[in-house]
Amino acid sequence: MDIFIQQIINGLVLGSIYALVALGYTMVYGILGLINFAHGEVVMLGALTAYSTITGLLGLGVPLPLAALAGLAVAALLCMAVGYTVERVAYRPLRGAPRLAPLITAIGVSIVLQNGAMMVWGRNYHAFPNLVPERQYDVFGATITLLQVLTVLLAALTMAGLMLLVLRTRLGRAMRATAENPAIAQLMGVDVNRIVSLTFVLGSALAALAGLMVSANYSIAHYYMGFILGLKAFTAAVLGGIGNLAGAMVGGILLGLIESLGAGYIGDLTGGFFGSNYQDVFAFFVLIAVLVFRPSGLVGEKVAERA
Amino acid sequence: MTKTCPARPAYPHPLASAAPLALLIAAALAGCGNKEEPKPAATPATAPAVAPTITVRIGHVGPLTGPQAHLGKDNEDGALLAIDDLNAQGIEIGGAKAKFELLSEDDQADPKQGTIVAQKLVDAKVNGIVGHLNSGTTIPASKIYFDAGIPQVSGSATNPKYTQQGFNTAFRVMTNDVQQGLVLGEYGVKKLGAKKIALVDDRTAYGQGLADEVEKSIKANGGEVVAREFTNDKATDFKAILTKIKSKKPDLIVYAGMDAQAGPLMKQLRELGIKSNFLTGDGGCTPEFMKLAGEAAEGQMCSLPGVPLDKMPGGPAFVNKFKVKFNTDIQLYAPYVYDATMVLADAMKRAGSADPAKYLPEVAKTDYQGVTARIAFDAKGDLKSGPISLYKYAGGKLQFVETVGGGAGGSGGDAPVPAKGDGQK
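An unreviewed UniProt entry lists chain B under the name Branched-chain amino acid ABC transporter substrate-binding protein, from Oryzomicrobium terrae.

Within an unreviewed UniProt entry, the label attached to chain A reads Branched-chain amino acid ABC transporter permease protein, and the organism entered is Oryzomicrobium terrae. You can read under Subcellular location (unreviewed entry) in the UniProt record for chain A the words "Cell membrane". As recorded by UniProt, the Sequence similarities (unreviewed entry) comment attached to chain A reads in full: "Belongs to the binding-protein-dependent transport system permease family. LivHM subfamily."

What follows is the structure, encoded as structure tokens:
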């Protein structure tokens, strides 16, 4: 039983990180109908920037909590700037182009960001400093660390904040209007370009937070870390119903749980036919199943075809 | 595309990254790998005025991008240093002054990419190959080099299959995994007194091959393998498989894979409250492992083929030379790749020709005192003497413990590579 609880905890922590990254995919998709494949790389930039800022400040003798906050702030600012620039340079000029064109630029941007980071931070792995004291709690025989508790809490708070923003504010209403129909929204006085830019900036700030979390949890930062993470988060977004905020959260958490429980139990359940090396595969099995039986995702509503 | 991207700043300012502008500029420059530039070769110090010149082109392959790029770059640096030394020595092959050039390719540690760049090097008519880094890329590529009759010396591919295919072009200057697995299993059971052992590998040709050999050795020595779990060479989350291992209560966990996974794995197993000892092979026996595992690594052990660098006649000098040239510490295999390159040049010298068909028989007859060992090959192309050394991660450094097998002795002393003091890089 303690094993089962431990796997659930592992899955929740992993899942809340996936959820944060998935939000970035889903927000951009909701507004532009574009899959921003460079989003994983923005997460990576956030992690590496936070790493440099935090270790730099610690080296100057700044206390850890302050350094961690500064790290998050600098990372968020940089990611927001990158997100904004990417949209202006790579996506806006192609707004009217066939769907394939922005998809290809997205992949191009991701390669550029990855190589840029490799040149700035080098090929080596960076050991992320411990941000909170290494404290462990015992939950029914399972072990959970303070950092894991904070990760889940922070992710939940951030997501709640985002929901409030989208559902209760003027900006949120403008975002929803743009997602519904950009042309009509424009006619109603919504500055669509500004909303699109803001969506990218907001998603990139979430990416910075996710980058910090992923690096703090696995104590590793590397220029290549965004690729797989981005792919998983994209899967999570599709699983929940891409374009749907609640869907991205549900999909993220679910994906984390599936991975943990799958890797933990599949070997015993199939008598060793499948092993834990299929950890990354379960997610895609489930994704295929969902797409076959519920193409709009678990939470996604029917997406009306634009006339 | 010949990778010529030397722009990696050795010590980026920690805050340099804070300026978005710097990053955007860097990103804009990222296309530099596309330029077809020859590798900068050191100009020969003394050139005889009249001798004719031939150009000897050595191909090198390793992952220069992707998760193992730090090890690939380290290998490339080893080969570059050898090329520079050869050019500085002003070697003559068959009466002609030889100018060595390195053609470096990136295989991303991906078997598919490995065969593509192997074919590319064959088409470029290189005289010899040093590499690849991973067993998973070396084995499929070795068929291509064999078909083209080009000698290949790997400095780091340890899977036994590489030399068991019967290719007379395949050599390695490193102990293979049969020898290493034997030592790891025996050491775990006999010296560390572990009865219940859990094995984790990364399902690459290297990790899987080594773990299989360790498992055989554990059983042969009377130990029990209580869990066999797998991950992959890009993973960062190991909590799920470690939780499963925790329930089996092993005395020892053996990991077969690279440092980028071994480090976080070590840290996460302590976070889950697992108290077992940890043992890993050469892939995890690096300063990078200690950096990533932090305090969790303290007191744990790993093995490396060969004897420590400072026990070798040319070892300390090599460490210095490397540091001076590249302003960075050796990661892992650079000295082996250096030797691999030297073995090729040595065979060319003795054959009086850089023509692969002419000097290939001489490679098999190699008896060369390299930086890492006295290199002589058996009938298959493996090193004749294969000692394995064990190290302990202690006090933020790799401390040499003892050497087993291969007729090599020695005790006490330090790591083959100096540990990075502050982990900042």
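Right, picking up where we left off after that structure.
Participant: Just to check I follow, could you spell out the interface of chain B and chain A for this structure?
Facilitator: Note: interface size is frequently given as the accessible area lost on complex formation between the parts. Across the boundary between the two partners, chain B contributes 55 residues, which contact 54 residues of chain A. Summing the contributions of chain B and of chain A, the shared interface buries around 4700 Å²; its carbon and sulfur component is 60%. The interface formed by chain B and chain A includes zero salt bridges. Applying the counting rule to chain B against chain A returns 15 residue pairs in polar contact (both at pLDDT 80 or more). Contributions of two or more residues to the side of chain B that touches chain A are made by helix 1 (20–29), helix 2 (69–89), strand 8 (224–230), helix 8 (239–246), helix 9 (259–271) and helix 10 (287–293) of chain B. The residue inventory of the side of chain B that touches chain A, partitioned by class, reads 24 nonpolar, 15 polar and 16 charged.

Participant: How should I be thinking about unusual backbone geometry in this particular structure?
Facilitator: What is expected of a backbone is that most residues other than glycine have negative phi and most peptide bonds are trans. Residue and element names in this part refer to chain B. Put simply, Gly 131 and His 132 share a cis peptide bond, and its omega is 0°. In this structure, His 132 sits in the loop between strand 4 (128–131) and helix 4 (135–148). For Gln 108, which is not glycine, the phi dihedral falls at a positive 55°. With respect to the helices and strands, Gln 108 occurs in the loop between strand 3 (96–106) and helix 3 (111–123). Here Gln 108 falls in the partly exposed class, since its relative accessible area comes to 38%. The phi torsion at Lys 249 lies on the positive side, around 50°, for a residue other than glycine. The residue Lys 249 is located in the loop between helix 8 and strand 9 (252–256) in this model.

Analysis parameters
- Residues numbered from 1 in each chain as written.
- Chains lettered and ligands numbered in written order.
- Predicted model: local features only at pLDDT ≥ 70, side-chain atom pairs only at ≥ 80, totals over all residues.
- Heavy atoms only, no water.
- UniProt positions renumbered as here; feature names shortened; annotations may be inferred.
- Contact = heavy atoms within 4.5 Å.
- Buried area = accessible area lost by both parts, 1.4 Å probe.
- Salt bridge = Lys/Arg side-chain N within 4 Å of Asp/Glu carboxyl O.
- Polar contact = N/O pair within 3.5 Å; in protein donor to acceptor, adjacent residues only side chain to side chain.
- Helix = DSSP H or I, 4+ residues; strand = E, 2+ residues; numbered from the N terminus.
- Nonpolar A, V, L, I, M, F, W, Y, C, P; charged D, E, K, R; others polar.
- Buried < 20%, exposed > 50% of the residue type's maximum accessible area, 1.4 Å probe, protein only.

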